[in-house]
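Structure assessment
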There are 2 protein chains.
Amino acid sequence: MSDKILLIICDGMADRPVRQLGGKTPLEFAETPFMDKLAEIGCCGIMDPISPGIPPGSDAAHLAIFGYDPTKVKVGRGYLEAVGCGLEVEEGDIAFRCNFATLDGQGIIVDRRAGRKNIDGKVLAEAINNIKLAGGIEVTFKPTVEHRGVLVLRGENLSPEVTDIDPHRIGVPPMKAKPKTLTKDAKRTAEIINTLVKEINKILANHPYNKERVKAGLPPANTLLLRGASTKPKIKPITEKYRIKAAVVAGGALYKGVGGAVGMKIVNVEGATGTVDTNIAGKFEKAIELLKEEYNLVFLHIKAVDNLSHDGDLKGKIDFISRIDKVLGKAVEEYSLDRCIICLTADHATPVEVGQHSGDSVPIVMAGPQILSDNIKRFSERHAAQGNLNRIRGMHLMPILMNFIGRMELFEL
Amino acid sequence: MSDKILLIICDGMADRPVRQLGGKTPLEFAETPFMDKLAEIGCCGIMDPISPGIPPGSDAAHLAIFGYDPTKVKVGRGYLEAVGCGLEVEEGDIAFRCNFATLDGQGIIVDRRAGRKNIDGKVLAEAINNIKLAGGIEVTFKPTVEHRGVLVLRGENLSPEVTDIDPHRIGVPPMKAKPKTLTKDAKRTAEIINTLVKEINKILANHPYNKERVKAGLPPANTLLLRGASTKPKIKPITEKYRIKAAVVAGGALYKGVGGAVGMKIVNVEGATGTVDTNIAGKFEKAIELLKEEYNLVFLHIKAVDNLSHDGDLKGKIDFISRIDKVLGKAVEEYSLDRCIICLTADHATPVEVGQHSGDSVPIVMAGPQILSDNIKRFSERHAAQGNLNRIRGMHLMPILMNFIGRMELFEL
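Below is a summary of the structure that appears in this document. Counting restarts for each chain: residues are numbered from 1 in the order of the written sequence. Each chain is given a letter, starting from A, and each ligand a number, starting from 1, according to the order in which they appear as written. Local features in a predicted model are, by the rule used here, given only for residues with pLDDT of at least 70; side-chain atom pairs are given and counted only at 80 or more, and totals for whole chains, interfaces and linings are based on all residues. Here the side-chain values reflect all heavy atoms present in the structure, with hydrogen atoms and water set aside.

This paragraph deals with the sheet that holds strand β13 (residues 390-393) of chain B. Residues and elements named next belong to chain B. One bridge is not enough; two strands pair if DSSP finds at least two bridges between them. Strands are runs of DSSP state E lasting at least 2 residues, helices are runs of H or I lasting at least 4, and numbering of each runs from the N terminus. Read from one edge to the other, the open sheet built from 8 strands follows the order β9-β8-β10-β1-β11-β12-β2-β13, with strand pairing classed as mixed. Because the sheet does not close on itself, it has two edges, and the strands there are β9 (265-267) and β13. Across the sheet, the mean angle from the axis of one strand to that of its neighbour is 25°, orientation sign disregarded. In the sheet, strand β8 (residues 246-249) pairs with β9 via 3 bridges, with the strands oriented parallel. Across the sheet, the residue bridging to Val249 is Val267, located in β9. Contacts from helix α10 (residues 280-292) reach β1 (5-10), β8, β9 and β10 (297-302), with the element oriented near 175° to β10. Each axis is a line fitted through C-alpha atoms, taken for helices only over the stretch in contact, and angles between the N-to-C directions span 0 to 180 degrees. Contact criterion: two residues are considered in contact whenever any of their non-hydrogen atoms come within 4.5 Å of each other.

Structure below.
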């Protein structure tokens, strides 16, 4: 019995019939000889990431696929982003997602993204991280992509029960943080945030970097809009649940975050950007390297299929799927299907003609040791639905896979 | 419309691809013309006894298949064993599973099974059943197989909330029963058990049968290790739920127990041992006799497939499946498929190469009056998965079957 699983999730790969393709889906139309080979030697089916018809956010879909019920487990986006960008979030810490934004002289938001591109978050982060708050509260800010970043508060008696600063529109001032509950901790945390924001605004307004931006005609990044206060969730890590070593190989911070949140080791790969230019080959090489080491489960995430679908780029989606197929085929050829179960699926459909996530079921294939093959020979939405896995839920995937590597415990009375 | 169902459960029959069989499963490889005929005239599918990927204990799987949610219904093993061996367990009674064991002169357990074989439990039972306890508590002990037995306490204000006597290892004395809760009843019950065990030890130590065992160089069965205190569960019997008469034909006490626990009449068949030498033909004859009488549902359990799988006996498993097929075919030929629905499945997979229960789905076929056939012509894990039943849960089987004999009530607002 093998005890290795490579789980490949192609974000938003599933689609609907496209008239331009004679009613075929992009996955059906693409050249995917290796995915088809997986279908031929393995077992196919369709999966409802959350439940039939529900269009999932990528975070919720991944949580479900990792075996956690997203309708029950509370996991905040602030926490996921923080974990995803490599910040340590301990019990009691409060994590926020945040945007650099531009305030005018009257304190009104004129750009929620401070121009979006070319913001040197690192320079500003240094200033923010030097802020000293009363009561021993520590502030850690880390810029991520473009205008985005994550902020973590550490200290005693902090509460995530506070409202957002970000009003999600321009022409108004940022909001004040307010306690959502009547507890002392929530009240205190709201006060701390409001004090912190004042400090941040003061520091950013006078920061030489912003003065230069103004001189160059760029909107200054002179405030931070915080949102999504959240704490470390109380979940049993996947590694403990199934007694495995698990790792995530992904470009996007959110996916590293969800993987990290359930206990996977976050492994960074050079050039893994989560965009069309990503280093797919490098990601597969790293995944197989981890499987050759002591890792039992490697979750490999490919984001760009979803981006292309959101952009309605039909040709781009088809070409990118074929590109994944080539790299997948080459990587697996060099490793061996005798030693590892490969499971390939999507976290949701993003039909190119819709341009956003939909609640369609997604095709899934699993192949490798212990898996009984069926008579499906092509990997697509249409073909996989005929497979022997029939129709499963996202929540069931992890138990099904863990069963094949002998990691499920007997259910007894 | 027929109102007869023969439900045949071949314990642990489902399996995985076996290299030695060219990737076929034992069920695929075995000669099963009659099972295939059932598939041809009936409707196939796959079933997850508990839920996808979960390896079930046989007790939990059977409860689910009988329509009771094993994640919600509490049914103790002590109770199941007691019912299975024919003891009446009433509300308020406490049932225990127990082992004859051997204590040395210092009261240390030296053999948890008192030599295991050739113990004349009946002789010792007589002595144990003569014990008089204070407070009108009645003791009923019944030996079952080898060193095993069941003990039931009857009286007022007894509680199942007591710890085990059996330490599950040798080299230590038996434990004292302790109350698990602070209630008066639990405290009193623990005291009663400790007094009872003292009495049992005294009687067994001096029993002529044990003196003979010692003379013959055999370990004396000089104590009883009790465990799994449990009461009659609060469940609505299957007979009331569906307004049917139901019976169980099984060799193993556990299966008789689960059947009896949900209200089936336990019907014993001579030579039905639950082993490879079992009287399969006799069991089928009896089942059909019951169906010809007023019984609507007969549950026929065949255990040996599971034993052979646990032993990794590939040839034995294949041969035994073929043997079941022959007997099944002959029995049904003599009865008639026009008069009865036959449903054939397994309670879980026990892959021969794994040697223990796994969480794979199991194949299922139902054929007979009111059942729409599909285009599946072979009964196996691979073929059944293509059938029209698709993928169901164990919990759904009873409503599906009862629906075909008109026993389901309308669900209305």
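Turning to the pairing of β1(B), a few remarks are in order. Residues and elements named next belong to chain B. Exposed residues in this analysis have more than 50% of their type's maximum accessible area, buried residues have under 20%, and partly exposed residues fall in between, with area computed by a 1.4 Å probe over protein chains only. Burial analysis of β1 places 6 of its 6 residues in the buried class, the great majority of the element. Across 5 bridges, β1 lies against strand β11 (residues 341-345) in parallel orientation. If you follow Ile5 over to β11, its bridge partner there is Ile341. In this structure, β1 lies alongside β10, joined through 6 bridges in parallel fashion. Along β10, the bridge assignment pairs Ile5 with Leu297.

So, about the environment of B:Glu31. Residue and element names in this part refer to chain B. Among the structural elements, Glu31 can be located in the loop between α1 (26-29) and α2 (33-41). Separated by 295 residues in the primary sequence, Glu31 and Lys326 have C-alpha atoms spaced 9.1 Å apart. Not counting chain neighbours up to four residues away, the residues in contact with Glu31 comprise Ser322 and Asp325.

Once that is clear, we can look at the side chain of B:Asn99. Residues and elements named next belong to chain B. Among the structural elements, Asn99 can be located in strand β3 (residues 94-103). A relative accessible area of 3% places Asn99 in the buried class. For the purposes of these results, a polar contact is taken to be a pair of N or O atoms within 3.5 Å, where, inside protein, one atom must be able to donate a hydrogen and its partner to accept one; residues adjacent in sequence count only when each atom of the pair is a side-chain atom. A polar atom in the side chain of Asn99 sits 3.4 Å from the side chain of Arg227. With sequence-adjacent residues up to four places away left out, Asn99 is seen in contact with Arg112, His147, Arg148, Asp166, Thr223, Leu224, Leu225 and Arg227.

All names here are of chain A. Side-chain rings of Phe, Tyr and Trp (the six-membered ring for Trp) are treated as a pair once their centres are within 6.5 Å; stacked means planes under 30 degrees apart, edge-to-face means over 60, and tilted covers the remaining angles. What the rule picks out here adds up to 4 aromatic pairs over all chains. Centre to centre, the rings of Phe100 and Phe141 are 5.4 Å apart; their planes meet at 75°, and the pair counts as edge-to-face. Taken together, the residues Phe100 in strand β3 (residues 94-103) and Phe141 in strand β5 (residues 138-143) connect sequence positions 41 residues apart. For the pair shown, Phe100 and Phe141 are each scored as buried. Note on geometry: a ring has a charge over it if NZ (lysine) or CZ (arginine) is within 6 Å of the ring centre and within 35 degrees of the ring normal. Over the ring of Tyr295 we find Lys245; its NZ or CZ atom is 5.0 Å from the centre of that ring.

None of the figures reported here should be taken as evidence of function without further support.
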